[in-house]
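Structural characterization, general
Okay, here's what each chain looks like letter by letter:
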Amino acid sequence: MEMKKVQILLSTYQGEQFLEEQIESLLAQTWKNIEILVRDDGSQDGTREILRNYSEKYKNILFYEGKNIGVTKSFFELLKKSTAEYVAFCDQDDMWLNNKIESAILKLEQETGPALYCSNKILVDDKLNPMKKQNNQELVPGFGNAVIECICTGCTAVLNRKLVDILISRLPEHAILHDWWSYLVASYVGTVIFDKNAYILYRQHGKNVVGAKGGFWGNVQLKAAYLRKNQGKLKAQLSDFSRLYQGDIPKDILVQNILEAEKFSGKIKIIGNRKIYRQSVLDEVIMRILFMINRML
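Description of the structure in this document. Everything numeric here is computed off the predicted structure, so don't read it as measured data. (Residues numbered from 1 in each chain as written. Predicted model: local features only at pLDDT ≥ 70, side-chain atom pairs only at ≥ 80, totals over all residues. Heavy atoms only, no water.)

**Overview of the packing of aromatic side chains**
A ring pair, where both rings are aromatic, is described by two values, the distance of the centres and the angle of the planes. In this structure the tally under the stated criterion is nine aromatic pairs. Through successive ring pairs, a cluster of aromatic residues spans Phe143, Trp181, Tyr188, Phe241 and Tyr245. Here lysine 81 stacks its cationic end above the ring of tyrosine 64, 4.4 Å away from the centre of that ring. Cation over ring: lysine 121 sits above tyrosine 202, and NZ or CZ is 5.4 Å from the ring centre. (Phe/Tyr/Trp six-rings, centres within 6.5 Å; stacked < 30°, edge-to-face > 60°. Lys NZ or Arg CZ within 6 Å of the ring centre and 35° of its normal.)

As structure tokens, then:
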């Protein structure tokens, strides 16, 4: 099998603590034809010095210094610089298992159209010790899920060239995150592969840790708060999507139904629409309640 080039896109910001460990795990990949494109988003710590040293040492690490524009736009800038057959998103504070890229490419090579690969992840603490609670669920991707939930964790995502070219041609102003937007577009124009296996140690630290309140109602409150956090942003993202992507009539109607859910007649359509779904039953129920009380859009 030909070892096609994979470009790993890494956006950094104040990432000096774990950055070297992450880069070393990228360099240790079994898939050797890789290039690492790094854009720093205005760091004031030692991140840029670390990146300069690595880019001087390794010819396959290209470093771009930038102003602070936020993680989503930073990744979009890197997407525009990419030229390889495959492109992977990467965070600054995780660690990749050495067969992460190879496992993704073996699946993507079976696709002929635009395709996105994503996978489960191993939750670890600061010191990379696996946490007791792991999510090993096999998730079901689809456009009806992508309009309302992102199951594609960016640091697990690998995209083929056909999908990247489509993304670059129609970049949004109001994407919630680069990974959610990529999942949304891929599920509209092509194929989404979810791998229930995990090839990444996903650090949970500081603000990254989600605390549970305990008990059923505590869990309900936590999930409701999580869903509400994108209120306003979800409407803006779907409005951008509706403007940029048209032609698949059933999917277009689905987006319009959500955007019209602030009206009473629109709420009724959402409550009974089984094409729109989240991955858990509890999330499903909470989502529809939030639509009814105008807390989703």
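On we go.
**Concerning the packing of helix H1 (residues 19-27) against helix H2 (residues 47-57)**
At their nearest, the axes of H1 and H2 sit 11 Å apart, and the two run at 30° to each other. One way to sum up the angle between H1 and H2 is to call them roughly parallel. Seen along the crossing, H1 lies across H2 with a hand that is right-handed. The residues of H2 that touch H1, namely those facing Leu19, Glu20, Ile23, Glu24 and Leu27, are Thr47, Ile50, Leu51 and Tyr54. (Axes fitted to C-alpha atoms, helices over the stretch in contact; angles between N-to-C directions. Helix = DSSP H or I, 4+ residues; strand = E, 2+ residues; numbered from the N terminus. Parallel < 35°, antiparallel > 145°, perpendicular 65-115°, else oblique. Left-handed = near helix turned anticlockwise from the far one by under 90°. Contact = heavy atoms within 4.5 Å.)

**Observations concerning the pattern of salt bridges**
Enumeration according to the criterion identifies 16 salt bridges in this entry. Two residues, glutamate 109 and lysine 4, come together in a salt bridge whose shortest N-O distance is 3.4 Å. With glutamate 109 in the loop between helix H4 (100-108) and strand S6 (115-124) and lysine 4 in the segment before strand S1 (6-12), the pair connects residues that are 105 residues apart, well separated along the chain. Its salt-bridge partner being glutamate 65, residue arginine 52 comes within 3.1 Å of it at the nearest N-O pair. Remark: glutamate 65 occurs in strand S3 (residues 61-66) and arginine 52 occurs in helix H2; sequence separation between them is 13 residues. (Salt bridge = Lys/Arg side-chain N within 4 Å of Asp/Glu carboxyl O.)

**Considering helix H11 (residues 264-271)**
One full turn of an α-helix is made of 3.6 residues, so residues set three or four places apart face in the same direction. Here H11 has its buried residues at Gly266, Lys267 and Ile270. Mapping the buried residues of H11 onto a view down its axis gives an arc of 105°, with all of them on the same face. Taken together, the buried residues of H11 touch helix H10 (249-259) and helix H12 (281-292). (Buried < 20%, exposed > 50% of the residue type's maximum accessible area, 1.4 Å probe, protein only. Arc of directions from axis to C-beta.)

**Things to note about the sheet that holds strand S4 (residues 86-90)**
Across the sheet, which stays open at both edges, the eight strands sit in the order S3-S2-S1-S4-S7-S6-S8-S5 with mixed pairing between neighbours. A single partner strand is all that each edge strand has here, and the edge strands are S3 and strand S5 (95-96). Across two bridges, S6 lies against strand S7 (residues 158-160) in antiparallel orientation. In the sheet register, leucine 116 faces S7, and the bridge partner there is leucine 159. (Pairing = 2+ DSSP bridges.)

**Some thoughts on the nonpolar core**
Soluble globular proteins tend to pack their nonpolar side chains together in the buried interior. With 55 residues, the main nonpolar core has Leu116, Val147, Trp181, Phe241 and Phe291 as its most contacted residues. It is helix H7 (residues 178-189) that provides the largest number of residues to this core, a total of seven residues. Leave out the neighbours within four places in its chain, and phenylalanine 291 touches Ile148, Ile258, Ala261, Lys267, Ile270, Met296 and Leu297. With 33 residues, the next largest nonpolar core counts Ile8, Ile36, Tyr86 and Leu108 among its residues. (Core = buried A, V, L, I, M, F, W, Y, C linked by side-chain atoms within 4.5 Å.)

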